[in-house]
Structures are given as C-alpha cells and as structure tokens.
Amino acid sequence: MPMAALLRDSCLFLCLVYSTAEQEKPHATDGIATPKTPEASLDHSVYYIPDAKVMLCILPKSGSTSFFQWLYNASTGGQSWTDCPTRRAARNIHPSNVLSTCWKNLVGQRQHTLKIKRFRDLAADQKHEAVSSDDVFRFSLVRDPVSRAISGWKSKLACDSTGYIVDTRDRPIALEELYKITGSPYLLNVDCLDLPEFADELVKIKMDGNMGLLHKRKMVDHFSSSSLTCAFSDIKYQQIALLESFQYTEPSVQLRYLADRLNLSLEKFPYGHTHASSDSEHKPHRNVNMTAELYAKLHSAYSMDFASLGMCIGSALPQNYWY
C-alpha cells in the first residue's frame, strides 16, 4: 500500500478513536453558557455593513488579511491597503481594523456602502437584524480547520528554532491566555510550544468543553473553532467560502455574490500575505512533520468544524499541501 494511503487510513482509525474518547466527557456548551439569542455568541471576527445589509464572519488565519486587502482595494477603486498614509506610518495596522483612519477616510464613490462596523459595537437591534433578518446577506470565509490551527501555531506559539517568523511580542500573551483556559502549569515556564504540545493543549481544551473560550480571548482566537466563532449552527449564512477552493477556481467565483451585494467591481484576490519562514531557502509554507497520531489529535479538536463544514477527513494530508 502506498505510504500516503497508509497514512490516510491510519488517520481515519485514530480520528475515530479520539472522537470516541472525547464523548466520554460532556461538553455541549463548549465552555460558555448557552446563549439566549444567536447574536449573544458572536464577538471577534464578525462585522456588519448596515447600509448594505451584509454580515461578515472572517476568522484570523483564514485569509483575513487578503480578504480585507481585497475589500479595501475594491471599495476605493483600486487603492492598495499599503498605500494608505496611516498604514505607511504605522505598519502594524491590520486591514481588518475597521476603526483605523484608513477605513474611515476611504476615497472613492463607494464609501457610503462600506461603513463597516464591528459586531460587538452594534446596538442590540442591529445585532438582531444582522443575524436574523431575511434581508441580510451573511458571508463567511473559512479554512481547513487543521491547516488554520497549524498556521495559528506558527504565528503565535511556535519556537524560534522552527525557522518560522513568529510574532514574538504576541507569543507570551498567547501562552498566558492558553494557560487561563487549560490550567496546564508547565505553560507558565515555557517560552514556546512545539506542534505536538500545541495539539495536546487543544485536545485538553476540547475534552474540558472549553473550545468556546478561544474566540473570546486575545491571540488564541487564531486557532478558535470556526463553527463556534461564526455560530454556524444557529445563524443562516447565504455563503460560506472555503479558502482552499481559491486555488482551484478564480476568487471571483467565490466573491461575486458578495461583490454584487456591495456594488463593487471584482478585483483579483491578493495572495501576497503568507506566513513565511525566516529561512529563504525554504518555501513560504513548509510542510510540518505530520504523523497520523498528530493529525488525529488536531482533527478531534476541530471535529465540530469538520462536521459543520461538511469536510472530509484527511484534507490536510497530501505531502504537497502547505500550512
């Protein structure tokens, strides 16, 4: 049997084992009280454009930088995010920061349709409208859960020895927030996590029923559950676009409905943002040392996401798949 097929079959078996084990401890609420209304569970990563009646759920490490760069470029008639004077003066402004002057000072004719608000800043009646009204177009951009988790680990928790460009200023915060959720004492005495350690912490979070806490805390929202962050089980989305599909079809196929709703012309989706390795001899997204057991752990942590997105097991296994 070819090695790739053997690895895939091993993953299938181990995922079933972990999935059975995780059922031993109830975690129906995933660490948060059952919300009285769907909007009560939404916070970070959710935005609303009242005039256009468009709700967006765009998670970190799911192409969020590229998405907001595209949205900014399309809404300004071609102005690049990197050309924003404020962005040039303060390089750390992420394009999803809709409170920045880059968004507030939009040029072009479409400014009135793109007054993007953070969901958490909305009044109660607007929150209810965003999640419940039949007139609202709800769009989410998601990514293979395992790939997204690995990308988040690279960005916030990986060790310098891995060769990845890690956000070293954010790493202590991510470790502290992770400790607040898991209570694992050793997290107070380490500066980073290797991938197996990270996977073990995710499994613990899932087994303790605390996946719902990740998207409520700084830095660790980079590996939160997409189904809980966007409340897929409670809110009807008109379109959920999978980032990986952009490599097979033109992004315009995925974005045309949203662009039509916002009355924006389609521009090419930018692929420039990648989580790079500091070693120039390697490709920007190097494969990690993925084993069947490691993949099974990561898959079990995000089993709810795989189920809600209708994704098959093993989507992150091919050797040419980059994280």
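Structure: above.
Read on for an overview of the structure. (Residues numbered from 1 in each chain as written. Predicted model: local features only at pLDDT ≥ 70, side-chain atom pairs only at ≥ 80, totals over all residues. Heavy atoms only, no water.)

**Observations regarding the packing of helix α6 (residues 145-156) against helix α8 (residues 195-207)**
Cut-off, in case you're wondering: Geometry is summarised by axes, namely lines fitted to C-alpha atoms with helices restricted to the contacting stretch, and by angles between N-to-C directions that run from 0 to 180 degrees. The helix count covers DSSP runs of H or I at least four residues long, the strand count covers runs of E at least two residues long, and both are numbered beginning at the N terminus. Throughout this description, any angle smaller than 35 degrees is read as roughly parallel, any larger than 145 degrees as roughly antiparallel, any in the 65 to 115 degree range as roughly perpendicular, and the remainder as oblique. A crossing counts as left-handed when the near helix is turned anticlockwise from the far one by less than a right angle, and as right-handed when that turn is clockwise. Contact between two residues is taken to exist if any of their heavy atoms lie within 4.5 Å; hydrogens are not considered. Residue polarity is assigned by list, with Asp, Glu, Lys and Arg as charged and Ala, Val, Leu, Ile, Met, Phe, Trp, Tyr, Cys and Pro as nonpolar; anything else, Gly included, falls into the polar class.
Two numbers describe how α6 lies on α8: the axes approach to 11 Å, and their chain directions differ by 120°. In terms of their interaxial angle, α6 and α8 are classed as oblique. Of the two elements, α6 crosses α8, and the hand of that crossing is right-handed. Here Ala-149, Ile-150 and Trp-153 of α6 come into contact with α8, specifically with Leu-195, Phe-198 and Leu-202. Split into classes, the residues belonging to the contact of α6 with α8 amount to six nonpolar, no polar and no charged.

**Description of the environment of Ser-133**
Let me state the cut-off plainly: Note on exposure labels: buried denotes an accessible area under 20% of the residue type's maximum, exposed denotes more than 50%, and partly exposed covers the range between, all computed with a 1.4 Å probe on protein chains only.
For Ser-133, the position within the fold is in the loop between α5 (124-132) and β4 (137-142). Note on Ser-133: relative accessible area 19%, which makes it buried. Taking the C-alpha atoms as reference points, Ser-133 and Lys-236, separated by 103 residues in sequence, lie 9.8 Å from one another. Not counting chain neighbours up to four residues away, the residues in contact with Ser-133 comprise His-128 and Arg-138.

**Describing the sheet that holds strand β2 (residues 54-58)**
Heads up, the rule is: Two strands pair under a simple rule: DSSP has to find at least two bridges between them.
The five strands are arranged β3-β1-β2-β4-β5 in an open sheet whose pairing can be described as mixed. Each end of this open sheet is capped by a strand with a single partner; those strands are β3 (117-118) and β5 (239-242). Alignment of β4 against β5, held across four bridges, turns out to be parallel. The partner of Leu-141 across the bridge, within β5, is Ala-241. In the packing of helix α2 (residues 64-75) onto the sheet, contacts are made with β1 (46-49), β2 and β4, and the angle to β2 comes to roughly 150°. The strands touched by α5 within the sheet are β1, β2, β3 and β4, with β4 carrying the most contacts at an inclination of about 75°.

**Some remarks on the state of the cysteines**
Basically, it comes down to this: The definition used for a disulfide is geometric: two cysteine sulfur atoms within 2.5 Å.
All told, the structure shown has two disulfides when counted by the stated rule. Here Cys-57 engages in a disulfide with Cys-230; their sulfurs sit 2.0 Å apart. Judged by the sign of its S-S torsion, about -85°, the cystine formed by Cys-57 and Cys-230 is left-handed. With Cys-57 in strand β2 and Cys-230 in the loop between α9 (226-229) and β5, this pair connects stretches of sequence that are 173 residues apart. A relative accessible area of 0% places Cys-57 in the buried class. Overall, the relative accessible area of 0% leaves Cys-230 in the buried class. The disulfide bridge from Cys-159 ends at Cys-192, spanning 2.0 Å between sulfur atoms. Across the S-S bond linking Cys-159 and Cys-192, the dihedral sits near 90°, which makes this disulfide right-handed. With Cys-159 in the loop between α6 and α7 (171-182) and Cys-192 in the loop between α7 and α8, this residue pair connects regions lying 33 residues apart in the sequence. Exposure class is identical for Cys-159 and Cys-192. Each is buried.

**Brief notes about the pairing of β1**
Here β1 shows a buried face lined by Val-46 and Tyr-48 and a second buried face lined by Tyr-47 and Ile-49. Counted between consecutive antiparallel strands, the loop separating β1 from β2 contains four residues, among which Lys-53 sits at a positive phi close to 50°. Taken together, the two bridges between β1 and β3 define a ladder with antiparallel strand orientation. Residue pairing for β3: Tyr-48 is matched across the bridge by Lys-117.

**Some points on α7**
In plain terms, the rule: Given the number of residues in a helix, its expected span is that number minus one, multiplied by 1.5 Å. To be clear, the arc concerns the directions from the helix axis to the C-beta atoms.
For α7, built from 12 residues, the straight-helix expectation of 16 Å at 1.5 Å per residue is met to within 8% by its first-to-last C-alpha distance of 16 Å. Within the span of α7, buried status applies to Arg-171, Ala-174, Leu-175, Glu-177, Leu-178, Ile-181 and Thr-182. Buried residues of α7, seen end-on, are gathered within an arc of 165° and therefore sit on one face of the element. Contacts made by the buried residues of α7 are with α6 and α8.

**Quick look at the pattern of salt bridges**
Selection criterion: For this document, the term salt bridge refers to a Lys or Arg side-chain nitrogen within 4 Å of an Asp or Glu carboxyl oxygen.
In the structure shown here, the tally under the stated rule is 10 salt bridges. Linking Arg-118 and Asp-121 is a salt bridge whose minimum nitrogen-to-oxygen distance equals 2.7 Å. Take Asp-121: its relative accessible area is 45%, and that puts it in the partly exposed class. The partner of Lys-156 in a salt bridge is Asp-170, with the nearest N and O atoms 2.7 Å apart. Taken together, the residues Lys-156 in helix α6 and Asp-170 in the loop between α6 and α7 connect sequence positions 14 residues apart. Given the relative accessible area of 5%, Lys-156 is considered buried.

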